[in-house]
Amino acid sequence: MSTAAAEQPHGLVEAGDVAARARGLTKAYGSGETAVLALDSVDVDIARGRFTAVMGPSGSGKSTLMHCLAGLDSVSAGQVWLGDTEITGLRDKELTRLRRDRIGFMFQSFNLIPTLNAAENITLPMDIAGRTPDAEWLKQVIDTLGLGDRLKHRPAQLSGGQQQRVACARALASRPELIFADEPTGNLDSRAGLEVLGFLREAVDDLGQTVVMVTHDPGAAGHSDLVLFLGDGRLVDEMPQPTAEAVLERMRLFTGGNTPHNSQP
Ligand SMILES: Nc1ncnc2c1ncn2[C@@H]1O[C@H](COP(=O)(O)OP(=O)(O)OP(=O)(O)O)[C@@H](O)[C@H]1O
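Residues numbered from 1 in each chain as written. Predicted model: local features only at pLDDT ≥ 70, side-chain atom pairs only at ≥ 80, totals over all residues.

Novice: Is there a simple way to think about the overall build of the protein chain in this case?
Specialist: For the protein chain, the count of helices and strands is nine helices and ten strands. Here the C-alpha radius of gyration of the protein chain, 18 Å, is about what a compact globule of 265 residues would show, namely 18 Å. For the protein chain, the C-alpha atoms occupy an extent of roughly 50 × 40 × 40 Å along the three principal directions. Every one of the 265 residues in the protein chain was classed for burial, and the buried ones make up 43%. The long-range share in the protein chain, meaning contacts at least 24 apart out of those at least 6 apart in sequence, stands at 71%. (Helix = DSSP H or I, 4+ residues; strand = E, 2+ residues; numbered from the N terminus. Rg over C-alpha atoms; globule rule 2.2 N^0.38 Å. Buried ≥ 20, exposed ≤ 12 C-beta atoms within 10 Å, placed from the backbone. Contact = placed C-beta atoms within 7 Å.)

And the structure:
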């Protein structure tokens, strides 16, 4: 971490190694006196094949950044690319297809369909898209996540950690260019949370995936390759090879020395 880094676009990487990129990304909600500037001219590169965490105080713009990078939300100004494709300016139909074909999502609530078993949940997005999963890849994902003996179970018959692993497999099934995970450990006890972080780490290290994770938890961020820190809608700092302790220390700077309310590892 360095002060100089804070003055440059964050996470800058070699051209060609960028999974997603934003320049001058600005997002305002509302208008007039009630307008909120959620993102204020953010420049960021997300490195391909790496695990990037996004942290910052509540309301600093983490979810908005993720939603704009994933094409889930429109931008007020600036440009966003997924790989070489500029997504700002795409029509809704094109955006929907791009999200479906190139991005995987994991949310805090697993969003599994209760009436489908694990295997059916994992392949559902591809079934909807009319795509056939690559059987070898799917087996590798399922084996990596240790779900081989749970495929016939419905979500209610699985633990929280197992459900999140199914959600993780679902995000990985189509081998997306980029996986966005929004508080993927938020609903889990610490052991199950650690498991899921381990699997995200393996998805990056062993399967070559690219993961962006929004989290409040310095312990979770400690599993990433790079932490981007947001403050008041701006990228204010970054930390390569983070440890939970160093991230916690950095987060304390936002609160003038007090531990943020929801940042316990
Ligand atoms: N749909 C919306 N309408 C109006 N304001 C919004 C909307 N979504 C977000 N905001 C505002 O934009 C700012 C950034 O919100 P965002 O949810 O991105 O922050 P965050 O860092 O993810 O917060 P948290 O850690 O609490 O989830 C906040 O001030 C929030 O109140």
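Novice: Is there a simple way to explain the site of the ligand in this structure?
Specialist: If you check the shell around the ligand, you find Tyr-29, Gly-30, Val-36, Ala-38, Gly-56, Ser-58, Gly-59, Ser-60, Gly-61, Lys-62, Ser-63 and Thr-64 and nothing else. Elements with a minimum of two residues in the shell around the ligand: β2 (36–47) and α2 (62–69). At three residues, α2 tops the list of elements feeding residues into the shell around the ligand. Grouping the constituent residues of the shell around the ligand by class yields three nonpolar, eight polar and one charged. (Near = placed C-beta within 6 Å. Nonpolar A, V, L, I, M, F, W, Y, C, P; charged D, E, K, R; others polar.)

Novice: Help me out: how do you make sense of the packing of helix α5 (residues 135–144) against helix α6 (residues 160–173) in this one?
Specialist: To describe two helices that pack against each other, one gives the angle between their axes and the distance between the axes. Orientation of α5 relative to α6, taken along the N-to-C sense of each, is 155°, at an axis distance of 10 Å. Considering the angle they form, α5 stands roughly antiparallel to α6. For α5 against α6, the interelement crossing comes out right-handed. Contacts between α5 and α6 involve Leu-138, Val-141 and Ile-142 from the first element and Ala-169, Leu-172 and Ala-173 from the second. (Axes fitted to C-alpha atoms, helices over the stretch in contact; angles between N-to-C directions. Parallel < 35°, antiparallel > 145°, perpendicular 65-115°, else oblique. Left-handed = near helix turned anticlockwise from the far one by under 90°.)

Novice: Please explain the sheet that holds strand β7 (residues 178–182) as it appears in this structure.
Specialist: Adjacent strands of a sheet pair through backbone hydrogen bonds, lying either parallel or antiparallel. The six strands are arranged β6-β7-β8-β3-β9-β10 in an open sheet whose pairing can be described as mixed. Every interior strand has two partners, whereas the edge strands, β6 (103–106) and β10 (234–240), have only one. The average undirected angle you get between the axes of adjacent strands in this sheet is 20°. Helix-sheet contacts for α2 involve β3 (51–55), β7, β8 (211–214) and β9 (226–231), and the interaxial angle to β8 is about 150°. Along the sheet, helix α7 (residues 190–205) makes contact with β3, β7 and β8, crossing β8 at roughly 155°. (Pairing = 2+ DSSP bridges.)

Novice: Would you mind going over α6 with me for this structure?
Specialist: An α-helical turn contains 3.6 residues, so a residue and the one three or four places further along point in the same direction. With 14 residues, α6 ought to run about 20 Å at 1.5 Å a step, and its terminal C-alpha atoms sit 20 Å apart, in line with that. Most of α6 is tucked away, with twelve of its 14 residues classed as buried. The secondary structure elements touched by the buried residues of α6 are β6, α4 (118–129), α5, β7 and α7. (Expected span 1.5 Å × (residues − 1).)

Novice: Would you mind showing me how to read the confidence of the model for the protein chain here?
Specialist: A low pLDDT score tells you not to read the predicted coordinates there in detail. On average, the protein chain scores 87 in pLDDT, and the residues at 70 or more come to 90%. The least confident element of the protein chain is helix α1 (residues 3–6), whose mean pLDDT is 41; the most confident is β3, at 97. The low-confidence segment residues 1–7 (pLDDT under 50) makes six contacts with residues lying over four places distant or belonging to another chain. Confidence over residues 259–265 falls short of pLDDT 50; this stretch has 15 contacts with residues more than four positions distant or in other chains. Confidence estimates for the predicted assembly give a pTM of 0.86 and an ipTM of 0.97. (pLDDT = per-residue confidence, 0-100.)

Novice: What exactly am I supposed to notice about the sheet that holds β2 here?
Specialist: Read from one edge to the other, the open sheet built from four strands follows the order β2-β1-β4-β5, with strand pairing classed as antiparallel. Strand pairing shows two members of the sheet lacking a second neighbour, β2 and β5 (85–86), which therefore form its edges. Where strand β1 (residues 18–29) lies against β2, eight bridges are found, and the strand directions are antiparallel. Note on β2: the bridge partner recorded for Ala-22 is Val-44.

Novice: I'm lost on the pairing of β3 in this one. Help?
Specialist: Every other side chain in a regular strand lies on the same face of the sheet, so the side chains alternate between the two faces. Most of β3 is tucked away, with five of its five residues classed as buried. Neither face of β3 is left uncovered, since the one carrying Phe-51, Ala-53 and Met-55 and the one carrying Thr-52 and Val-54 both have all their residues buried. One ladder, built from four bridges, connects β3 with β8; its direction is parallel. Following the sheet pairing, Thr-52 is matched in β8 by Val-212. Of the strand pairs in this sheet, β3 and β9 are connected by four bridges, and their pairing is parallel. Considered in β9, the bridge of Thr-52 is made with Leu-226.

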